[in-house]
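A look at the structure
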Amino acid sequence: MSCTIVWLKSHASLSGQTEWSINGRYTGRTDIPLTAEGEREATEEARVLVGEGKIIDPKNICTVFVSPRIRAHRTFHLLFEHLPKIPHHVTTEEVREWDYGEYEGLKPAEIKQLNPTWTIWKDGCPGGESTAEMCHRVDSVIEKVREHHRAWKEEGQGCRDVVIVAHGHFSRVLISRWINFPLSLGTHFNVEPAGVAILGYNHKNLAEPALNALNLYAKPL
């Protein structure tokens, strides 16, 4: 049983380059498409990541949660379009990026000029999502993923794996909360470009959530 996270980073994305990611701007709710280079990279990554016997094996996928931002939705289709059949998927705001509110579109240095002591992990985003709101949203996603795993393990329903195609800050919070850490510890989990994380369980026990892998297939910086 696993939850595989495929992410797009704000500053460097999983085969999800956009004009704002090139410029290092915080990209949350703004719907910016992939660049041509981003689409090319996503297509190349798909051949490595997705397929029979590979890290994302379609026969094991129960469902895929996809952020509705066009950069994530397009990445999802580029990852799976070479297959005979695209896996079951749900496009949902639950896995969107952190809402940066007043800081949307700004670079880190610009935010520091406005608020020198600001850190998203403690302060959240004015006009966007607080840390409590972000934590609640991510916890609700984890609850749904674990219900898929429970149904497969205990009742034989569906398949064993869930995939999430999302974004950098969301993924870091998800990793932290999956292993029962406070949201603020997400700052210690770097998600590198073109990386994949796998969340699972020790001893195949649903009561022992674990981080099995981080930054698999990440490209060197």
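Residues numbered from 1 in each chain as written. Predicted model: local features only at pLDDT ≥ 70, side-chain atom pairs only at ≥ 80, totals over all residues. Heavy atoms only, no water.

1. Some words on the overall build of the protein
Looking only at helices and strands, the protein has seven helices and six strands in total. Order of helices (α) and strands (β) in the protein, N terminus to C terminus: β-α-α-β-α-β-α-α-α-β-α-β-β. Here the analysis covers contacts within the protein between residues at least 6 apart in sequence; of these, 68% occur between residues at least 24 apart. Surface exposure of the protein reaches about 10000 Å², of which carbon and sulfur atoms provide 51%. (Helix = DSSP H or I, 4+ residues; strand = E, 2+ residues; numbered from the N terminus. Contact = heavy atoms within 4.5 Å. Areas by Shrake-Rupley, 256 points an atom, 1.4 Å probe, with all protein chains shown as cover.)

2. Here's the deal with the nonpolar core
The biggest cluster of nonpolar side chains holds 33 residues, and the ones touching the most others in it are Trp 98, Val 145, Ile 164, Phe 170 and Trp 178. Counting residues per element, this core draws most heavily on helix α6 (residues 131-155), which supplies six residues. Apart from residues no more than four positions distant in its own chain, Phe 170 is found in contact with Glu 94, Val 95, Arg 96, Glu 97, Met 134, Arg 137, Val 138, Val 141 and Ile 164. Judged by nonpolar contacts, the second largest core, of 15 residues, contains Ala 46, Leu 49, Val 50 and Val 64. (Core = buried A, V, L, I, M, F, W, Y, C linked by side-chain atoms within 4.5 Å. Buried < 20%, exposed > 50% of the residue type's maximum accessible area, 1.4 Å probe, protein only.)

3. Notes on the confidence of the model for the protein
Averaged over the protein, the pLDDT score is 88; the fraction of residues at 70 or greater is 90%. At the low end of the mean pLDDT range in the protein sits helix α1 (residues 19-23), at 56; at the high end sits helix α5 (residues 120-123), at 97. Overall, residues 8-16 carries pLDDT values under 50, and its contacts beyond four positions in sequence, including any with other chains, amount to 48 contacts. (pLDDT = per-residue confidence, 0-100.)

4. Comments concerning the packing of helix α2 (residues 36-49) against helix α3 (residues 70-80)
In a pair of packed helices, the angle between the axes and the distance between the axes together describe the arrangement. It is the contact of α2 with α3, at a shortest axis distance of 7 Å, that shows an interaxial angle of 45°. Classified by the angle between their axes, α2 and α3 sit oblique to one another. Here the hand of the crossing between α2 and α3 comes out right-handed. Contacts between α2 and α3 involve Glu 39, Ala 42, Thr 43, Ala 46 and Leu 49 from the former and Arg 74, Leu 78 and Leu 79 from the latter. Residue composition of the contact of α2 with α3, by class: five nonpolar, one polar and two charged. (Axes fitted to C-alpha atoms, helices over the stretch in contact; angles between N-to-C directions. Parallel < 35°, antiparallel > 145°, perpendicular 65-115°, else oblique. Left-handed = near helix turned anticlockwise from the far one by under 90°. Nonpolar A, V, L, I, M, F, W, Y, C, P; charged D, E, K, R; others polar.)

5. Structural notes on the pattern of salt bridges
Per the stated rule, a full pass over the model turns up 16 salt bridges. Across the pair Glu 110 and Arg 25 runs a salt bridge whose closest N-O atoms are separated by 3.8 Å. Pair noted here: Glu 110 is in helix α4 (residues 108-114) and Arg 25 is in the loop between α1 and α2, with a separation of 85 residues, a long-range link. What makes Arg 25 partly exposed here is its relative accessible area of 23%. When the shortest N-O distance is used, the salt bridge between Arg 40 and Glu 44 registers 2.3 Å. With Arg 40 and Glu 44 both in helix α2 and four residues apart, this pair spans about one turn of that helix. Taken together, the shared-partner salt bridges connect Asp 31, Arg 69, Glu 93, Arg 96, Glu 129 and Arg 137 into one network. (Salt bridge = Lys/Arg side-chain N within 4 Å of Asp/Glu carboxyl O.)

6. Here we look at the packing of aromatic side chains
In total, this model carries six aromatic pairs according to the counting rule given. Between Tyr 26 and Tyr 100, the aromatic rings sit 4.8 Å apart at their centres with planes inclined by 75°, giving edge-to-face as the arrangement. Placement of Tyr 26 in the loop between α1 and α2 and of Tyr 100 in the loop between β3 (89-91) and α4 is noted, with a sequence separation of 74 residues between them. Each member of the pair, Tyr 26 together with Tyr 100, is buried. Taken together, a centroid distance of 6.0 Å and an interplanar angle of 85° make the contact between Trp 98 and Trp 121 edge-to-face. (Phe/Tyr/Trp six-rings, centres within 6.5 Å; stacked < 30°, edge-to-face > 60°.)

7. Here's the deal with the environment of Asp 161
Summarising the element assignment, Asp 161 is placed in strand β4 (residues 161-167). Placed 102 residues apart in sequence, Asp 161 and Lys 59 show a C-alpha to C-alpha distance of 9.2 Å. With residues up to four places along the chain from it excluded, the contact list for Asp 161 reads Met 1, Ser 2, Asn 60, Ile 61, Cys 62 and Thr 63. Only 3.2 Å separates the side chain of Asp 161 from the side chain of Arg 160, close enough to count as a polar contact. (Polar contact = N/O pair within 3.5 Å; in protein donor to acceptor, adjacent residues only side chain to side chain.)

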